[in-house]
Amino acid sequence: MLADAFPDATQLSVEDRTGTGDHFLVTVTSSRFDGLPLLEQHRLVNAALAAPLADGTIHELRIKTKGTA
Amino acid sequence: MNDLSAKIKEVIEGEPVALFMKGTPQMVMCGNSLRALEALRRAGAPVTAVDILPDPAIRQELSALSGWPTIPQVFVRGELVGGADIVEELEQSGELERTLEDKLGAGYRDARDEKTVAVL
């Protein structure tokens, strides 16, 4: 899902923070973030995960984004 | 627009800093809500908190308005700043204080206000 949204990502990791498969820390470094405010960077990640966020599969999501520029 | 949505909008647009959270500043029910609240406190922001837990509809209407899926959500002068990760990162870089100064004026810390309002 994330790999589809960020095919150019130089770093992409998903950490299951609690081991229960519903609290995640997502870290993405991608050129898609270059020049974007943090809010818009996080919006892109939220959009990529819209389905599992909406149906409650993801109970808690932490996001860390970085551009490549 | 229904009454609940209108009330949420009124808080977002009417309060200098609105924090939609799980629980209240006196009894925070979620780690991320606490992270956002503490970052705002460090920045000296006047916080108007809204507990979204009393009714799932609050969160649904809020996310429909903001286009943001998770809680907490922080707004300054009607504009979404972000969730816990963003607010924390902006506070650490000093950008949150700059935004508060820009939007609320240099004396924003004097208010030191922390209150909770209900939207139901």
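See the structure above.
This text gives an overview of the structure that appears in the document. Everything numeric in this text was worked out from a predicted model, so none of it was measured. (Residues numbered from 1 in each chain as written. Chains lettered and ligands numbered in written order. Predicted model: local features only at pLDDT ≥ 70, side-chain atom pairs only at ≥ 80, totals over all residues.)

Along chain A, the regular secondary structure elements total three helices and three strands. When its helices and strands are written in sequence order, chain A yields α-β-β-α-α-β. Its C-alpha atoms give chain A a radius of gyration of 12 Å, near enough to 11 Å, the size a compact globule of 69 residues would have. The principal-axis extent of the C-alpha atoms belonging to chain A is close to 35 × 20 × 20 Å. Taking all 69 residues of chain A together, 19% fall into the buried category. Sequence separation of 24 or more characterises 51% of the internal contacts of chain A that already satisfy a separation of 6 or more. (Helix = DSSP H or I, 4+ residues; strand = E, 2+ residues; numbered from the N terminus. Rg over C-alpha atoms; globule rule 2.2 N^0.38 Å. Buried ≥ 20, exposed ≤ 12 C-beta atoms within 10 Å, placed from the backbone. Contact = placed C-beta atoms within 7 Å.)

A few words now on the sheet that holds strand E6 (residues 79–82) of chain B. In a beta sheet, neighbouring strands are held together by backbone hydrogen bonds and run either parallel or antiparallel to one another. Residue and element names in this part refer to chain B. The strand order across the open sheet built from five strands is E6-E5-E1-E4-E7, with neighbouring strands paired in mixed fashion. Sheet topology places E6 and strand E7 (114–116) at the edges, where each strand pairs with a single neighbour. Across the sheet, the mean angle separating the axes of adjacent strands is 25° when strand polarity is ignored. Sheet topology note: the strand E4 (residues 47–51)/E7 ladder contains three bridges and is parallel. By the bridge assignment, Ala49 is partnered in E7 with Thr116. (Pairing = 2+ DSSP bridges. Axes fitted to C-alpha atoms, helices over the stretch in contact; angles between N-to-C directions.)

As a further point, take the interface of chain B and chain A. Each partner contributes residues to the interface: chain B has ten residues there, and chain A has ten residues. At the level of secondary structure, the elements contributing two or more residues to the side of chain B that touches chain A comprise E6 and helix H4 (84–93) of chain B. For the side of chain B that touches chain A, the element with the most residues is H4 of chain B, which contributes four residues. Broken down by class, the residue content of the side of chain B that touches chain A amounts to five nonpolar, three polar and two charged. (Nonpolar A, V, L, I, M, F, W, Y, C, P; charged D, E, K, R; others polar.)

Okay, the sheet that holds strand E3 (residues 60–66) of chain A next. All names here are of chain A. Taking strand neighbours across the sheet as the criterion, the three strands line up as E1-E2-E3 in an open arrangement whose pairing is mixed. Every other strand in the sheet has two partners, leaving strand E1 (11–16) and E3 as the edge strands with one partner each. Here the average twist between neighbouring strands, direction ignored, is 10°. Bridging between E1 and strand E2 (residues 23–29) involves six bridges; their strand directions are antiparallel. Bridge pairing in E2 places Asp16 opposite Phe24.

The next point concerns the nonpolar core. Of all hydrophobic cores here, the largest spans 33 residues; its most connected members are Leu19, Phe20, Met21, Ala36, Leu40 and Val87 of chain B. When residues of this core are assigned to their parent elements, the largest contribution, five residues, is made by strand E1 (residues 17–21) of chain B. Contacts of Met21 of chain B, omitting those with residues within four sequence positions, involve Val28, Ser33, Ala36, Leu37, Ala49, Asp51, Ile52, Ile71 and Pro72 of chain B. Grouped together as the second largest cluster of nonpolar side chains are seven residues, Phe6, Val28, Leu49 and Ile63 of chain A included. (Core = buried A, V, L, I, M, F, W, Y, C linked by C-beta atoms within 7 Å.)

Quick look at the pairing of E2 of chain A now. All names here are of chain A. Two successive antiparallel strands, E1 and E2, enclose a turn made up of six residues, where Gly19 displays a positive phi of approximately 75°. By the bridge criterion, seven bridges tie E2 to E3 in an arrangement that is parallel. Its bridge partner lying in E3, Val26 is registered against Ile63.

Residue and element names in this part refer to chain B. With five of five residues buried, E4 is to be regarded as a mostly interior element. Here E4 shows two buried faces, one formed by Val47, Ala49 and Asp51 and the other by Thr48 and Val50. Two strands pair when backbone bridges link them, and E1 and E4 are joined in this way by four bridges, in the parallel orientation. In the sheet register, Leu19 faces E4, and the bridge partner there is Ala49.

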